[in-house]
Amino acid sequence: MKNLSRILSALTVTVLLVYAATAQTRSVPTFEVDRTWPKVPPQWKLGDASSIAIDAQDNVWVLHRPRTLKPEDAAKAAPPVIVFDAAGNYIKAWGGPGNGYKWPEREHGIHIDQKGFVWLGGNNCPTNGLAGLKPVADDQLLKFTPDGKFVMQIGRSNQSKGNADTRNLHRPADQWVHPQTNELFVADGYGNHRVAVFDADSGAFKRMWGAFGNKAIDDDHCEVVTPTSFSDPGPQQFSIAHALRVANDGTVYVADREYRRVQMFTRDGKFVKQLVRNSAPFARDLALSHDRDQQFLYVGGGDGVFIVDRKTLEIVGNIQPTGMIGPGHQIATDSKGNLFLGEVNNGQRY
């Protein structure tokens, strides 16, 4: 029996992909590109689509970077948070600087928690030299209502004291709230090299850990350092903890991007196992399948997305349909099994 899902593709500016899943003998999904998705209002353009999140109604929340638009398109920049329904129709948009919080200079990750709150952060570095950005580090996460009302800020811009800091983040890449415990897990990320956990209501710090459950060591630099050689198990510290997902059973998965590995932990940070794939770029992004047992972990790598058995970390399939442009920057899944990819490419990709 076939159960077709879709891949969503934005035909304006940056590419967003939604993929459709087809159940096979082992219930491994397959996908096809949906080129009709989304419908961006004609008066607007999107910059780099850095991250995508799905809410309880299967609405798709896209966090993009308006400041990456070409100068001739800058006046048409959509607000950084733009929301579509499952069919790709525009619902609303908001975001940007406001009172009581510091909006990130370089938008990176977005997540919608079980209560409907919107979490987002950035990864700007003071010395990256990117045009139009202030020379500050994005060391904060912001929490908003679905309509963009500011609720809370964890950390402060340009205030990180390193991996031991329990008050600030340092260029966080991704975040996920575990509904059963109401804990916010952060892949912290570009400047730091750790997972940090906070109470999602109060913002109080709870715990942290690095690769293999080790204590994270400071190694702060602006440039992305890609190794020239790789090994298994690899270094004892994270490179860029670029994506993070927490399964319903509390298992934590971290994409250690530059070291091409996914590490698996208990909710308290005990290392369980890892999946390394050194032959090509791997662990670019992560998503969990939406079936009851969340049997699959989607891992961006190579020219597509790998389907991984979530519990064994064995690769059981590969998603690379016609029209797909690569592994994406961040990915998300909805309740119907559709897979959404946000792509960045120093401005736009057509």
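Everything below is about the structure printed above this text.
Residues numbered from 1 in each chain as written. Predicted model: local features only at pLDDT ≥ 70, side-chain atom pairs only at ≥ 80, totals over all residues. Heavy atoms only, no water.

Q: What am I meant to see in the side chain of Arg194 here?
A: Structurally, Arg194 can be placed in strand 14 (residues 194-199). Polar side-chain contacts of Arg194 include one of 2.7 Å to the backbone oxygen of Asn163. Within the local environment of Arg194, its side chain forms a polar contact with the side chain of Asp188, the two groups lying 2.8 Å apart. (Helix = DSSP H or I, 4+ residues; strand = E, 2+ residues; numbered from the N terminus. Polar contact = N/O pair within 3.5 Å; in protein donor to acceptor, adjacent residues only side chain to side chain.)

Q: Before we go on, may I ask you to explain the pairing of strand 6 (residues 81-84) in this structure?
A: Here is the key point about a regular strand: its side chains alternate between the two faces of the sheet. Here strand 6 shows a buried face lined by Val81 and Val83 and a second buried face lined by Ile82 and Phe84. Pairing of strand 5 (residues 60-65) with strand 6, which is carried by four bridges, proceeds in the antiparallel orientation. Along strand 6, the bridge assignment pairs Leu63 with Val81. Alignment of strand 6 against strand 7 (residues 90-94), held across four bridges, turns out to be antiparallel. Among the inter-strand pairings, Val81 is bridged to a residue of strand 7, identified as Trp94. Between strand 6 and the antiparallel strand that follows it, strand 7, lie five residues; Gly88 among them carries a positive phi value of about 90°. (Buried < 20%, exposed > 50% of the residue type's maximum accessible area, 1.4 Å probe, protein only. Pairing = 2+ DSSP bridges.)

Q: Would you mind going over the nonpolar core with me for this structure?
A: Proteins that are soluble and globular tend to have nonpolar side chains buried together. In terms of nonpolar packing, the biggest core is built from 16 residues, with Tyr253, Val262, Phe282, Leu286, Leu297, Val299 and Val308 touching the most fellow members. Of all the secondary-structure elements, those providing two or more residues to this core are strand 17 (252-256), strand 18 (261-265), strand 20 (282-288), strand 21 (296-301) and strand 22 (304-309). It is strand 20 that provides the largest number of residues to this core, a total of four residues. The residues touching Val262, leaving out its near neighbours within four places in the chain, are Tyr253, Val254, Lys273, Gln274, Leu275, Phe282, Ala283, Leu286, Leu297, Val299 and Leu313. (Core = buried A, V, L, I, M, F, W, Y, C linked by side-chain atoms within 4.5 Å. Contact = heavy atoms within 4.5 Å.)

Q: Just checking my understanding: could you explain the pattern of salt bridges for this structure?
A: Side chains that differ in sign of charge can pair as their charged atoms come close. In the structure shown here, the tally under the stated rule is 16 salt bridges. The salt bridge partner of Asp249 is Arg310, with a shortest N-O separation of 3.1 Å. Of this pair, Asp249 sits in the loop between strand 16 (241-246) and strand 17 while Arg310 sits in the loop between strand 22 and strand 23 (315-319), and the two are 61 residues apart along the sequence. For Asp249, a relative accessible area of 47% translates into the label partly exposed. Note that Arg257 is salt-bridged to Glu258, the shortest N-O span being 2.6 Å. When sorted by exposure, Arg257 lands in the same class as Glu258, which is buried. Salt bridges here are not isolated pairs; linked through shared partners, they connect Glu183, Lys206, Arg207, Arg267 and Asp268. (Salt bridge = Lys/Arg side-chain N within 4 Å of Asp/Glu carboxyl O.)

That's the geometry; what it means functionally is another story.
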